[in-house]
Amino acid sequence: MRHSSGRWPAAVVAAGVLLAASGCGTRHEATQPARPVAEPSALITVPSAQPLPPGRPGTPPVPLPDPQKVDGADPDAVSRAAVTVMWTMDTTIDTSQYQAELRAAPYLTADYAARLRQYPPVAAPGAQWNQWAAHRAYTTVRLTPGYDDRPLDTATTAHRQWSVTATPIGRDGWRGQPVTATVFVTLTRTGPGQPWRVAAVTVAP
């Protein structure tokens, strides 16, 4: 992933919702996501038309936000939690960042979560993920708020921006080069007093 401090994407400003999220070094769109991936701790080649194998049961070895403790009335808190989970990956249980995205389901709208489940990745493994997998690596995540001009919040729509730094740490003592991304999050809720949920995530090119 590459950090960019560009302004809010025009489509976010115009439409308020972008149905996209990021894999390592890639973007996956609302229509049919594609991400470079690998089997846990292994290199694999999968025909492009076939879904990749699912991940294994388990959770990464770093603390993740607790959905029961995240303030659903605070779009900052909800978006921070969702992005943190989406970028916390573990190559011993995940076949790509896709499994991390699925773990963020408690913070997503039902429609967005359904779209993620509908389009599992089919891309061949990427070199970066393969390197991480060779070291049985997991990522630690650091977020800082972004301050580009953004659309004003309404009673049912909010937008947040985060700079993400994900650092791969191998179980063999290896520490990889951190990857960075500028992430734009659109949140919605059904009405005042209802909890915010992430309706879209996109990464600056």
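Predicted, not measured: the structure shown is a model, and the values here were computed from it.

A. Examining the nonpolar core more closely. Of all hydrophobic cores here, the largest spans 34 residues; its most connected members are V83, W87, L108, V183, V185 and V198. Listed by contribution, the elements that provide at least two residues to this core are α2 (75–86), α4 (110–118), α5 (127–134), β3 (137–145), β4 (157–170), β5 (179–188) and β6 (197–203). The biggest single contributor to this core is α2, with 6 residues. Those residues within four positions of V198 in sequence are excluded, and the remaining contacts are V78, S79, A82, Y107, L108, T109, Y112, V185, T186 and L187.

B. Structural detail: the confidence of the model for the chain. Scored by pLDDT, the chain comes out at a mean of 81, with 74% of its residues at no less than 70. Low confidence marks residues 10–47, where pLDDT is under 50. Its contacts with residues over four positions away, or in another chain, come to 132 contacts.

C. Region of the structure containing the sheet that holds β3. Taken in spatial order, the 4 strands make up an open sheet running β3-β4-β5-β6, and their pairing is antiparallel. Where the open sheet ends on each side, the last strands, each with one partner, are β3 and β6. For this sheet the average axis-to-axis angle between neighbouring strands, irrespective of direction, equals 35°. Across 6 bridges, the pairing between β5 and β6 is antiparallel.

D. Region of the structure containing the packing of aromatic side chains. Going through the model one piece at a time under the given rule, you end up with 1 aromatic pair. Pairing W129 with W132 gives two aromatic rings, centres 6.0 Å apart and planes at 40°, and the pair type is tilted. You can see W129 and its partner W132 sitting in helix α5, 3 residues apart, about one turn around the helix. Looking at W129, the relative accessible area reads 3%, which means it is buried. Take W132: its relative accessible area is 2%, and that puts it in the buried class.

E. The environment of R171, seen in detail. Looking at the secondary structure, you find R171 in the loop between β4 and β5. Residues R171 and R136 lie 35 residues apart in sequence; the distance between their C-alpha atoms is 5.7 Å. Those residues in contact with R171 that lie beyond four places of it in its chain are P61, D90, T92, H135, R136, A137 and Y138. From its side chain, R171 meets the backbone oxygen of R136 in a polar contact 2.7 Å long.

F. Here's a closer look at α4. Within the span of α4, buried status applies to Y112, A113 and L116. Down the axis of α4, the smallest arc covering the buried residues is 100°, so these residues share one side. In α4, those exposed residues whose orientation departs by more than 90 degrees from the buried face are A110, D111, R117 and Q118.

G. Structural context of the pattern of salt bridges. Counted under the stated rule, the structure contains 4 salt bridges. Where R160 meets D76, a salt bridge forms, and the shortest distance between an N and an O atom there is 2.4 Å. Taken together, the residues span a long stretch of sequence, with R160 in strand β4 and D76 in helix α2 at a distance of 84 residues. Overall, D76 belongs to the partly exposed group, its relative accessible area being 36%. A salt bridge links D153 to R160; the nearest nitrogen and oxygen atoms lie 3.0 Å apart. The class of R160 is buried, set by a relative accessible area of 6%. Three or more residues joined by partner-sharing salt bridges are found here, namely D76, D153 and R160.

So, how was this worked out
- Residues numbered from 1 in each chain as written.
- Predicted model: local features only at pLDDT ≥ 70, side-chain atom pairs only at ≥ 80, totals over all residues.
- Heavy atoms only, no water.
- Core = buried A, V, L, I, M, F, W, Y, C linked by side-chain atoms within 4.5 Å.
- Buried < 20%, exposed > 50% of the residue type's maximum accessible area, 1.4 Å probe, protein only.
- Helix = DSSP H or I, 4+ residues; strand = E, 2+ residues; numbered from the N terminus.
- Contact = heavy atoms within 4.5 Å.
- pLDDT = per-residue confidence, 0-100.
- Pairing = 2+ DSSP bridges.
- Axes fitted to C-alpha atoms, helices over the stretch in contact; angles between N-to-C directions.
- Phe/Tyr/Trp six-rings, centres within 6.5 Å; stacked < 30°, edge-to-face > 60°.
- Polar contact = N/O pair within 3.5 Å; in protein donor to acceptor, adjacent residues only side chain to side chain.
- Arc of directions from axis to C-beta.
- Salt bridge = Lys/Arg side-chain N within 4 Å of Asp/Glu carboxyl O.

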